[in-house]
Amino acid sequence: MKKILFALTALLLFVCLQTEAQTKRALIVAIGKYPDVEKNMWKVISSANDVPLIKGALEKQDFKNITVLLDSQGTKAGIENALDKLISSSGSGDIIVIHFSTHGQQLEDDGDDEVDGLDEAIVPYGAAMSFNRTLYPQLAPGYIRDDVFGEKMTLLRNKIGSGGDVLVIMDACHSGTASRGAGDAKIRGGAIPLVSVDYGTKKLKQSDERGVFKEEGKTKLNADAATYVLISGAQAQEPNFECSDDNGKPVGSLSFAFSKAIGEITDTTTTYRALFALLENTMREKAKNQKPVLEGDGIDRILFGGEYVKQEPYFKVDVAQSNKTTIVIKGGEVSGITAGSIISFYPIGTLKPADNKLLNKGTVTAVKYFTATVKLDKPDDSLFKKAPLAFVTELAYGGKKIILAVNSLNGADKKIQTALKNFQLVEFTKKYDLFLDTAGSVDDWVFKYAKDGKSFADTIAISDTASIKEILKRYDRFQYLQNLSFQEKGLSAEVELLFLDQNNNIDHAKKAERTKFGPLELKEGDTVYLKIKNTGDRDFYVNVVDIQPDGHINPVMPNKNLEDKNGNPSPLTWDQCIVARRDSLLNTNLFIEVLPPFGEESLKVFLSGDPLDLEDILTGNDDSRSRNARGVLNNLAKVFVDSKVNEAGSRGIRPGAKPKVNTAQNGTIFSVNFNIVPN
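About the criteria used
Residues numbered from 1 in each chain as written. Predicted model: local features only at pLDDT ≥ 70, side-chain atom pairs only at ≥ 80, totals over all residues. Heavy atoms only, no water. Patch = residues over 30% accessible without salt bridge, like charges linked within 9 Å, V, L, I, M, F, W, Y side chains within 5 Å. Areas by Shrake-Rupley, 256 points an atom, 1.4 Å probe, with all protein chains shown as cover. Salt bridge = Lys/Arg side-chain N within 4 Å of Asp/Glu carboxyl O. Lys, Arg positive; Asp, Glu negative; His and termini not counted. Charge placed at Lys NZ, Arg CZ, Asp CG, Glu CD. Helix = DSSP H or I, 4+ residues; strand = E, 2+ residues; numbered from the N terminus. Buried < 20%, exposed > 50% of the residue type's maximum accessible area, 1.4 Å probe, protein only. Arc of directions from axis to C-beta. Pairing = 2+ DSSP bridges. Axes fitted to C-alpha atoms, helices over the stretch in contact; angles between N-to-C directions. Parallel < 35°, antiparallel > 145°, perpendicular 65-115°, else oblique. Left-handed = near helix turned anticlockwise from the far one by under 90°. Contact = heavy atoms within 4.5 Å. Nonpolar A, V, L, I, M, F, W, Y, C, P; charged D, E, K, R; others polar.

**A word on a positive patch on the surface**
Line of reasoning, step 1. A contiguous patch of positive charge, built from K60, K249, K316 and K330, is present on the exposed surface.
Line of reasoning, step 2. Turning to its location among the elements, K249 is positioned in the loop between β10 (242-244) and β11 (250-252).

Below, the structure is given as C-alpha cells:
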C-alpha cells in the first residue's frame, strides 16, 4: 500500500451489546498413535501433547463439560457416537468447541459438490491408506467425510439455536503435496488423495483454496440456527506442520497458536475474527509454510457468546530448577521474553495481577528458547515452593539479533562477515532470517526472506557496506514493529479495511468474498477504507502505519502529506485521530489505493489514552517533531525513540541499555494482517 488520499468525514456508531449465560461444552479428538503404521501408512504424530494445551485453554474459559477421545478411542464409530452424544446433550444457547488433532486426508468426492473433485476427511483410528486405487471401495468407508461431519454440525446448530455458538478447530491437513515441508517437523496428513481407478477421467482438477470442512449437510439449516466458525491449520491443498511448545515438546502448530491466543485476549468484546488475527501471528512464526483459514457465518460474533473470561498471559515456574534467589520460568525466547525484562510473581489462580497481592519480582538475567532465569529482588525461601504464576510486567525489547547468511560466491560470505564484524545487530548461523544473494549478476546483490525467497529492499553492490548496514537497520525496525504487541487495560479496538459501494455504503458482500478464507485479500488497484471501533472503556488517540513486505513503513493516520481527491493538501493531524468510548470512526473520504509489492502486509495500530503522534518516529524522520500537545514525548513514543539502531548496530539511549515497556501502562499495540495479490 503506497497511495493514501484523505478528506476527513466521521461516522460515529454506538453499539450496545447484550449477553446471557450459556453452558460451555467441548469435544477434543486427539489421535497420534495410529495402529499398524507400516500396513495402514499413518505415521505417529504428537496429538496427545495437544490435549493439555486445548483443554487447559478451555478450562480457563469455564468449559467444564469436556470430552476427550485419545488414540484408540477415536475410531470412526467412537467419533460419530461422541458427536451424536454432544448433539443430544446440548441445549439452547450452549457454546460448543470441537477440536481435532489428527491426520487428515482427501478422498474422491462422492457427491460431485467439490470444485477439485475431492472430499476432505478426518482419519479415525483404524483407517487405512493405500496407493492401490483398486482398494478404494474397501478403504474409503473408514474415513469421516466433510459432508457427513457437516450434517452433524447442522443438527447441532439447529439444536442450540441462535443464542449458541459452534467453533470447530482442525489441526490436520488434507494435502497430497507432502514434499512442501521444511526441516524435521512432522506433517499431519500429507498422503496422496485416496481415489478410485477412474477418478482422473470424471473429476474436475481445479484448486480448492478454502479450508477443510464445509458446514452443509442433507438436513435443512433452520433460520434461527447457531452460528458456525471453522479454523483450519492449513488450506485444503497445504500440509500442516507440527512445531515446538514453550517446553520444547512437539505439538500441533494450530493447537499451540490457539491456546496462546486465548491467553493473550484481554477484551470481552473480542470477535472470532480478532482471535484468528492473534492466532495467525503465532502461526506466521511457528509454521511459515502454511496459511491458517477462517470460515463460517459467525466470524464477527463475540467470542464464546460474550462469555469470555479474561486471563492475562502468565508463565509457570520450574520448581525443580528454582531456589530462594533465582526462579526459572517455563517461557523463553520463543514466547517473547527478553533479557532485562521484569517478572512479577502472583498466587496461583490470579487472572489479573492488579487484582491480587504481589509476592515478589525480579529481572530476567538469561533467556533460552523455552526457559528464562529470573534473579529475585529479595531472596525468598518459600516463593518457588508455592509454584506462583509469573507475569511479564516490564518487557525489555530490542535485544534480538538478525540472523544472516551470505552466498559464498567469490568469497562474499567471508567478506561480509569481516565487514560486519563489529556491527552488533547481526549474527551469522545456518538457520537464518535473511539471505544475501546474487540478483542476476555478480554486481547486483539483494536480501531475501528465508521463508519464501522474496526480496527485501532493492539491489546493492556487495562492496557497499554502508548500504548493507542501512538495509539491516531497516529490516530490524520492520521486524521489531511486526512482532510488537501489548495491551493496556481499557484500551481496545477493532480495526477493519472495508470496501464501499458507489453510495459510500459498506459493501459487506465484497468484504465477505475477500475474507472467506480468513485474512483479507486485496488486489492491485483495489480501493479500501479504514474503520476503527472503540471496544474499550476509555477514549483513545489512534495512530496507524502500513508495514509493507519490503520493509517500507507508510503513515496512514496521522499523516501530514495527505491529499484530497482533487490533489489538494489535506493533512490529518494527531488531534483529529481520537475515538470516543464505544464510538466508531469511518473516514469515507480516506481511501487507500492498493499497489505492489505483493505478499503479506500489516497495519500496525497504536492506541493511547494520551495525545500521541508517532508519524515521524516510525517513518524515520525528525523525532523532535513527533510530540504530543504538551510538547513532550509520551511513554509510548519514547519506546520507539529508544528502539532506534545506532551506527554500531545496537539500540538504546546509552551503550548496553535495554529500554523497557511497562506492559500495563504504555498503551495498546496490535496488527491487522492482510494479503496483496495481483489483479
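**Some thoughts on helix α9 (residues 412-419)**
Line of reasoning, step 1. Restricting attention to buried positions, one finds in α9 the residues A412, D413 and I416. One side of α9 holds all its buried residues, which, seen down the axis, span an arc of 100°. α9 presents K414, K415 and T418 as exposed residues on the side facing more than 90 degrees away from its buried surface.

**Brief notes about the pairing of strand β25 (residues 520-523)**
Line of reasoning, step 1. Across the two faces of β25 the burial differs, with L520 and L522 buried and E521 and K523 not buried at all.
Line of reasoning, step 2. Sheet topology places β25 next to strand β33 (residues 668-677); 4 bridges connect them, and they run parallel. Pairing of L522 across the sheet is with I676, part of β33.

**A short note on the pairing of strand β17 (residues 372-376)**
Line of reasoning, step 1. Residues A372, V374 and L376 of β17 are buried on one face, while the alternating residues T373 and K375, pointing to the opposite face, are not.
Line of reasoning, step 2. Pairing between strand β14 (residues 326-329) and β17: 4 bridges, direction antiparallel. By the bridge assignment for β17, I327 is matched with V374.

**Observations concerning the packing of helix α7 (residues 253-264) against helix α8 (residues 272-286)**
Line of reasoning, step 1. At a closest axis distance of 8 Å, the pairing of α7 and α8 adopts a crossing angle of 130°. By the criterion of interaxial angle, the relationship of α7 to α8 is oblique. Along this stretch, α7 crosses α8, giving a crossing that reads as right-handed. Each of S253, L254, F256, A257, F258, K260, A261, I262 and E264 in α7 lies in contact with α8, whose residues at this interface are L275, L278, L279, T282, M283 and K286.
Line of reasoning, step 2. Tallied by class, the residues present in the contact of α7 with α8 amount to 10 nonpolar, 2 polar and 3 charged.

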